Amino acid sequence: PAALPPAPLGFTDVNLNCRNTYEVSRRRSAPEHLPHGGTAPAAPAPPQEPAERARRAGIAGAGSSFAEFFTRNFFTKRTKELKPAVQSAPGWKLFGKVPPRENLPKDSKIIQQEYEARTGRMYKPPPPSARRKNMEFEPLSTTALILEDRPANLPAKSVEEALRHRQEYDEMVAEAKKREIKEAHKRKKIMRARFKQEENIASAMVIWVNEILPNWEGMRATRRVRELWWQGLPPSVRGKVWSLAVGNELNITPELYEIFLSRAKERWKSFSETSSENDIEDAGASVADREASLELIKLDISRTFPSLYIFQKGGPYHDLLHSVLGAYTCYRPDVGYVQGMSFIAAVLILNLEEADAFIAFANLLNKPCQLAFFRVDHSMMLKYFAAFEVFFEENLPKLFLHFKSYSLTPDIYLIDWIFTLYSKSLPLDLACRVWDVFCRDGEEFLFRTGLGILRLYEDILLQMDFIHIAQFLTKLPEDITSEKLFSCIAAIQMQNSNKKWAQVFASLMKDNKEGDKNHSPALKS
């Protein structure tokens, strides 16, 4: 067969060696490789298959632009002679590890030298006198580039343009200085507030430890203690004060906790051996055997404060929370485990020892309000909602009418707040402060806190419809602060026609017909 003409310079030959490997090589003619005669002898072309000849003829007929397109877009141009390919190198792999690159990243000076050798241009740095001197503020960005001269291949700046750029640069520097000063003042203000708060906590802790706790029964109801209580309990005494405030009417002992914990472990073991997951879920919903809801605890623990990662499987408090909830489920099979309990138990575990947390948890859930909600006593829950609406209308009449216009009932947002005692809806530190006053004032403060939240966001809620109100109150903003919330709570007056919360609720309890008139849609379902 006739020999084909040599391929044009720059043409890329792609050889497919296997299904997932190809090697790229470039043919080049170098003058130093020519023989002394000055011309290169024509090498006989190897025999080619008809398909291969047709392929090469088609590429050659398309012109060199097609080859240059692939060369320009897929392979970098090299100025130096390529090294001979190593046969053992596996090449570029589509499905496999890429061998380490032999070419190390070049230094900027080497790149500059190569550029100068290739173009013949020499880079001349500007004289020191042309550089900016004695700059008081040097922004860490490209802002200062506006003062630089243009490259040599572009027209130079005019005097007016240089002055304008100088003025713009000075303005940008001045704005940057203002922002920096403002941010510095803001940081100092935050630090001062933090130091002041730490000092207040330290001084309050001394008062609680040395004066109040040793004389608890005589001082808990005094005005001084109540005012100190309102400001929030120091974290070091919070668990102790909560235990004393909640009390132990059930007379639970640490030994009793161990007994019910052992029973829970036995039930868990029997479930894992005899029951499938679907059977367990069905049994958990059964009223006849609420102890079977033990297995539902595992599903809920992973959802408890997920951002903290301490109650999830493998976390330091996962087993502890599992034990407290399991022991309570065996202790009160008439109540069993209900969604929301895990948040209450988790907050107690963070502030108390294991047995003390269980004692406080059992006594807290034995309070009338919590017992009504966790046993899903519809009639009692409706009376609590009705009492809440009485004070809602008294304190926030405009928002109350707005909610009424959309038939938005309190159960839509209050159930989640009451079930978790705001520990799921509010930031944890703010929820703990709500718990502080809740332990002081009882169930009344839970509904007062709800009115405080509505007052805080009243202007926003008045602009929303039913769907957006429900979504907003279900997931409150995360930037809510204790100062703003407690100032709104303090503005709520829990008094209606000279009747306080307990009197209003007692009058509703006497009226049996009131609960049948306003059934909430959520409770029906």
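Residues numbered from 1 in each chain as written. Predicted model: local features only at pLDDT ≥ 70, side-chain atom pairs only at ≥ 80, totals over all residues. Heavy atoms only, no water.

### Regarding helix H6 (residues 223–230)
Along H6, the residues classified as buried are Val225, Leu228 and Trp229. Each buried residue of H6 sits inside an arc of 105 degrees when the element is viewed along its axis, so together they form one side. Lining the buried residues of H6 we find helix H4 (159–212), helix H5 (216–219), helix H7 (235–246) and helix H18 (428–441). Within two residues after H6, Gly232 carries a phi angle of roughly 105 degrees, on the positive side. (Buried < 20%, exposed > 50% of the residue type's maximum accessible area, 1.4 Å probe, protein only. Helix = DSSP H or I, 4+ residues; strand = E, 2+ residues; numbered from the N terminus. Arc of directions from axis to C-beta. Contact = heavy atoms within 4.5 Å.)

### Let's talk about the packing of aromatic side chains
Counted according to the given criterion, the structure contains 31 aromatic pairs. Measuring from ring centre to ring centre gives 5.1 Å for Phe305 and Phe343, while their planes differ by 75 degrees; the resulting arrangement is edge-to-face. Residue Phe305 is found in the loop between helix H10 (294–301) and helix H11 (318–331), and its partner Phe343 is found in helix H12 (residues 341–351); the two are separated by 38 residues along the sequence. Each member of the pair Phe305 and Phe343 is classed as buried. When the ring of Tyr328 is compared with that of Phe361, the centres are 5.0 Å apart and the planes differ by 80 degrees; the resulting orientation is edge-to-face. With Tyr328 in helix H11 and Phe361 in helix H13 (residues 354–364), this pair connects stretches of sequence that are 33 residues apart. The pair Tyr328 / Phe361 is uniform in exposure class, with both members buried. Of note, Arg433 hangs over the ring of Phe486, and the distance from its end group to the ring centre comes to 4.1 Å. (Phe/Tyr/Trp six-rings, centres within 6.5 Å; stacked < 30°, edge-to-face > 60°. Lys NZ or Arg CZ within 6 Å of the ring centre and 35° of its normal.)

### Quick notes on the packing of H12 against H18
Where H12 contacts H18, the axes come no closer than 12 Å and their chain directions differ by 90 degrees. The orientation of H12 relative to H18 falls into the category roughly perpendicular. Each of Ile344, Val347, Leu348, Leu350 and Asn351 in H12 lies in contact with H18, whose residues at this interface are Leu428, Cys432 and Trp435. Residues belonging to the contact of H12 with H18 are distributed by class as follows: seven nonpolar, one polar and no charged. (Axes fitted to C-alpha atoms, helices over the stretch in contact; angles between N-to-C directions. Parallel < 35°, antiparallel > 145°, perpendicular 65-115°, else oblique. Nonpolar A, V, L, I, M, F, W, Y, C, P; charged D, E, K, R; others polar.)

### Some words on a nonpolar patch on the surface
Taken together, the side chains of Met205, Val206 and Val209 define a hydrophobic patch exposed on the protein surface, amounting to about 210 Å² of accessible area. Secondary-structure assignment places Val209 in helix H4. (Patch = residues over 30% accessible without salt bridge, like charges linked within 9 Å, V, L, I, M, F, W, Y side chains within 5 Å. Areas by Shrake-Rupley, 256 points an atom, 1.4 Å probe, with all protein chains shown as cover. Salt bridge = Lys/Arg side-chain N within 4 Å of Asp/Glu carboxyl O.)

### Looking at the UniProt feature "coiled-coil region" (unreviewed entry) in the protein
Per the UniProt record, the feature "coiled-coil region" (unreviewed entry) sits at residues 159–194. In this annotation, residues 159–194 is assigned 100% helix and 0% strand; the end-to-end C-alpha distance for the span is 52 Å. (UniProt positions renumbered as here; feature names shortened; annotations may be inferred.)

### Some thoughts on the environment of Leu348
Along the chain, Leu348 turns up in helix H12. Residue class for Leu348 comes out buried when judged on its relative accessible area of 3%. Sequence separation between Leu348 and Phe358 is ten residues, and the spatial gap between their C-alpha atoms is 8.2 Å. In this structure Leu348 touches Trp242, Ala357, Ala360, Phe361 and Trp435, once residues within four positions along its chain are discounted.

### Some remarks on helix H21 (residues 466–474)
Among all positions in H21, only Ile469, Ala470, Phe472 and Leu473 are buried. The buried residues of H21 occupy one face: seen down the axis, they fall within an arc of 165 degrees.

### Description of unusual backbone geometry
Residue Phe305 is not a glycine yet carries a positive backbone phi of 45 degrees. You will see that Leu421, though not glycine, has its phi angle at about 55 degrees, which is positive. In this fold, Leu421 is placed in the loop between helix H17 (411–420) and H18. When its relative accessible area of 1% is taken as the criterion, Leu421 is described as buried.

### Focus: the pattern of salt bridges
In total, this model carries ten salt bridges according to the counting rule given. Put simply, Asp441 and Arg226 hold a salt bridge, and the shortest N to O gap is 3.2 Å. Note that Asp441 is positioned in helix H18 and Arg226 in helix H6, a separation of 215 residues in sequence. Using a relative accessible area of 23% as the deciding quantity, one classes Asp441 as partly exposed. A salt bridge links Arg440 to Asp441; the shortest N-O distance between them is 2.7 Å.

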